[in-house]
Protein chains: 2
Amino acid sequence: MNRRAMLSGAAALVAAPGIVPAKAAAAGADPLPSWNEGGPKQAILDFVGRVTTAGGHDFVPPPQRIAVFDNDGTLWAEQPVYFQVAFALDRVKALAPQHPEWRDTEPFRGIIEGDRQALAAAGEKGLLQIIAATHAGMTTTAFDALVAEWFRTARHPRFDRPYDGLVYQPMLELLALLRANGFKTFIVSGGGVEFMRVFADRAYGIPPEQVVGSSGVTKFEIRPDGQPVLIKEAKVEFIDDGPGKPSGIDRVIGRQPILAFGNSDGDQQMLEWTAAGTGPRFLGLVHHTDAEREYAYDRESRVGRLDKALDEAVQRGWTVVDMRRDWKSVFPAASPAERR
Amino acid sequence: MNRRAMLSGAAALVAAPGIVPAKAAAAGADPLPSWNEGGPKQAILDFVGRVTTAGGHDFVPPPQRIAVFDNDGTLWAEQPVYFQVAFALDRVKALAPQHPEWRDTEPFRGIIEGDRQALAAAGEKGLLQIIAATHAGMTTTAFDALVAEWFRTARHPRFDRPYDGLVYQPMLELLALLRANGFKTFIVSGGGVEFMRVFADRAYGIPPEQVVGSSGVTKFEIRPDGQPVLIKEAKVEFIDDGPGKPSGIDRVIGRQPILAFGNSDGDQQMLEWTAAGTGPRFLGLVHHTDAEREYAYDRESRVGRLDKALDEAVQRGWTVVDMRRDWKSVFPAASPAERR
């Protein structure tokens, strides 16, 4: 069975939550009902209006209406750890019985015993060991199935709902508004491309071929029974973060976007690259200012630090979305997983 | 100026040659007029009919109608050398005055003096040196401009027409037929992704984000004048050939295609990967059998060798297109470049 094809097929049948039909937008209904009136909402609507007005000075032909979105912290939450890290930690715990040696080896010991300090101390090297142990040595199909199963069963520690229920309702509306206006919407994320594809179509309406992310090396092999497979190897191929994002955009999309949205310093170069060149551009940052409904963090945060990019945004007049002020609601009422 | 955006914009205004409007197909006109009646034409039409018949056993929802095509030898000619190699050789000659040291260094000496044996002897290592000398050390924008200029000026030694005039008319019709039936058409080629994007939209109607190819490392940099650029480095990042093709498909497209067309052993794994899984599949090979109108080569050819893949195609009943027998015409009457 081709599980990925099955997942995509299922996704096509399930409407993404919060998607506003183009018709409603055309009929004059508010296409961004979860956005409070104010600067960012107005800036978005102005931009979309300008680039789609035929004959106008800022008109952009549809093939060039490329919009790129960071994922973690921009389209869904990223605290207290990136959700893909939460998946990896859950996998380590699930695999522990088969790896008695992990009980004496960091960073595995720390994870198994719930020692948060040990995990933090493991740093990037430790994280790569965890990724190798949980994301490699299996076929791409087997990995997809593990991720899909995790989305069905795991729950976020604070919000007690499936992780894919923690997508941002205002951003779902923005994605839908852009697509209704001839934009092609892409994810450009530091996250693993295969991890994201399992839920991106269902959660955001973004198909697999419009997800750009970090990747590991895969190896083509024909199994003894004649079945071809791709094996995920424990070797990093490409890190789609920071200065890697313009490279990832160039390699996969091959044109400069006209709209980019991020939330952290890891998105700074993607915004700079999008801002370059001529013609109208929209650059946006989600600023996490809402400790009550979501989280409040920026310059000092370990996860999703927003420091230099915030200074540049202010200096260059990019749109900074203040979550507390600008968003009427944060999460959708019910995730697809919760409705299952 | 963003030359790439400009090129894409221009491409949107120029109809690709040989594209059959969906309407004509719907009205009962032959959607494949350059194909002779017979097995391959019938197999294509049958397949497209089956996967698009709503309610039928073989129906495939549009998002899963992914079609992948090799480029060299499948969508355009590849003799006497891959056209990208012809571009690189022309660049070496153009750059020679700035590199007096090349007069005593292989493979450059051989190229400059037109010594074909020296070039052949240089092998893969020599080819990589040539690619490094001609495809790196400049911005992506500068490279695009060089390729575009080459298409405007270079002419094929045998057919005396611009290289992008040597696309295959029957394949243009096939691409158009598939798109008119809800397929998304991709190139998956061993060629350089940035080289192909310069002409793929204009020549095939395939936009930059649907071109998968080999790539070099690019480095993001902000120039002293504040302008962000991507520098092409002399480092191979990914070779999208042979067993690399399934990996490239997985990384960029993220789903298994249902149709794949190639012409050489470098496409064998792509066809095997496409054939895997359940549901209807179409696997095709272009067999170069037409020395008069194009070229005749297969098992012994240095460029585009077709040996093991041909055996597998025969054994598994894949569609083998005999160019001489199955194609009414090979090249379009006039290329976009020639009409300029």
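Residues numbered from 1 in each chain as written. Chains lettered and ligands numbered in written order. Predicted model: local features only at pLDDT ≥ 70, side-chain atom pairs only at ≥ 80, totals over all residues.

S.K.: Sorry if this is basic, but what is going on with the overall build of chain A here?
M.R.: Per the secondary structure count, chain A includes 14 helices and eight strands. With the C-alpha coordinates aligned to their principal axes, the bounding extent of chain A is approximately 65 × 50 × 40 Å. When the 340 residues of chain A are sorted by exposure, 49% land in the buried category. The contacts in chain A between residues at least 6 apart in sequence include a share of 67% that link residues at least 24 apart. (Helix = DSSP H or I, 4+ residues; strand = E, 2+ residues; numbered from the N terminus. Buried ≥ 20, exposed ≤ 12 C-beta atoms within 10 Å, placed from the backbone. Contact = placed C-beta atoms within 7 Å.)

S.K.: Looking at this model, I keep getting lost on the relation of the copies chain B and chain A. Mind explaining?
M.R.: Copy one and copy two of the chain differ by a rotation about a common axis and a shift along it. After a rotation of 180 degrees and a shift along the axis of 0.0 Å, chain B superposes on chain A with an RMSD of 0.0 Å. Expressed as an axis order, the relation between the two copies is that of a two-fold axis. Among all C-alpha atoms of chain B, that of B:V252 lies closest to the rotation axis, at 3.3 Å. Both copies present the same face, since 100% of the interface residues in chain B are matched by interface residues at the equivalent positions in chain A. (Least-squares fit on C-alpha atoms with pLDDT ≥ 70 in both.)

S.K.: Before we go on, may I ask you to explain the sheet that holds strand β2 (residues 138-139) of chain A in this structure?
M.R.: Adjacent strands of a sheet pair through backbone hydrogen bonds, lying either parallel or antiparallel. All names here are of chain A. One open sheet accounts for eight strands, arranged β2-β5-β4-β3-β1-β6-β7-β8; its pairing is mixed. Edge strands, defined here as strands with exactly one partner in the open sheet, are β2 and β8 (319-322). Bridge count between β2 and strand β5 (residues 228-238): two bridges; the pairing is antiparallel. Paired with M138 across the strands is K232, a residue of β5. (Pairing = 2+ DSSP bridges.)

S.K.: How do you make sense of helix α9 (residues 193-204) of chain B when you look at a structure like this?
M.R.: Residue and element names in this part refer to chain B. Extensive coverage of α9 is indicated by the burial of 12 of its 12 residues. The set of residues buried in α9 consists of V193, E194, F195, M196, R197, V198, F199, A200, D201, R202, A203 and Y204. One or two residues past the end of α9 sits G205, with phi positive at roughly 75 degrees.

S.K.: Could you clarify how one ought to interpret the packing of helix α4 (residues 83-95) of chain A against helix α6 (residues 116-135) of chain A in this entry?
M.R.: Two measures define how a pair of helices packs: the angle their axes make with one another and the distance between the axes. Residues and elements named next belong to chain A. Viewed as axis vectors pointing N to C, α4 and α6 meet at an angle of 65 degrees, and their least axial separation amounts to 9 Å. Relative to α6, the element α4 is oriented roughly perpendicular. Crossing hand, α4 versus α6: left-handed. Residues A88, R91 and V92 of α4 touch α6, and the partners they reach there are I130, I131, A133 and T134. (Axes fitted to C-alpha atoms, helices over the stretch in contact; angles between N-to-C directions. Parallel < 35°, antiparallel > 145°, perpendicular 65-115°, else oblique. Left-handed = near helix turned anticlockwise from the far one by under 90°.)

S.K.: Please explain the domain arrangement of chain A as it appears in this structure.
M.R.: Accessible area lost upon the coming together of the parts is a frequently used measure of interface size. Residue and element names in this part refer to chain A. Under the domain assignment used here, chain A contains domain 1 (3-79 + 166-339) and domain 2 (83-153). Just the C-alpha atoms count here: the centres of domain 1 and domain 2 sit 26 Å apart. Counting residues at the interface gives 18 residues for domain 1 and 17 residues for domain 2. Elements with a minimum of two residues in the side of domain 1 that touches domain 2: α1 (3-13), β3 (184-192), α9 (193-204), β4 (211-222) and β5. (Domains from an automatic or database assignment.)

S.K.: Explain the packing of helix α7 (residues 140-153) of chain A against α9(A) to me, please; I cannot follow it from the model alone.
M.R.: Residue and element names in this part refer to chain A. The geometry of α7 relative to α9 is characterised by a closest axis approach of 9 Å and an angle of 55 degrees between their N-to-C directions. Classified by the interaxial angle, the pair formed by α7 and α9 is oblique. Seen from above, α7 lies across α9 with right-handed handedness. On the side of α7, the interface is formed by T140, F143, D144, V147, A148 and F151, while α9 contributes E194, F195, V198 and F199.

S.K.: Help me understand the nonpolar core in this model?
M.R.: Most often, soluble globular proteins keep nonpolar side chains buried together rather than apart. In this structure, A:V68, A:I187, A:V212, B:V68, B:I187 and B:V212 are the most contacted members of the largest nonpolar core, which totals 154 residues. Those residues in contact with B:I187 that sit more than four places away from it in its chain are B:F69, B:N71, B:M196, B:A200, B:I206, B:Q210, B:V211 and B:V212. (Core = buried A, V, L, I, M, F, W, Y, C linked by C-beta atoms within 7 Å.)

S.K.: Even after reading the chapter, I still don't get the interface of chain B and chain A, so can you show me in this structure?
M.R.: On the side of chain A, 39 residues touch chain B, which itself brings 39 residues to the contact. By residue number, the principal contributor to the side of chain B that touches chain A is helix α10 (residues 244-253) of chain B, which donates six residues.

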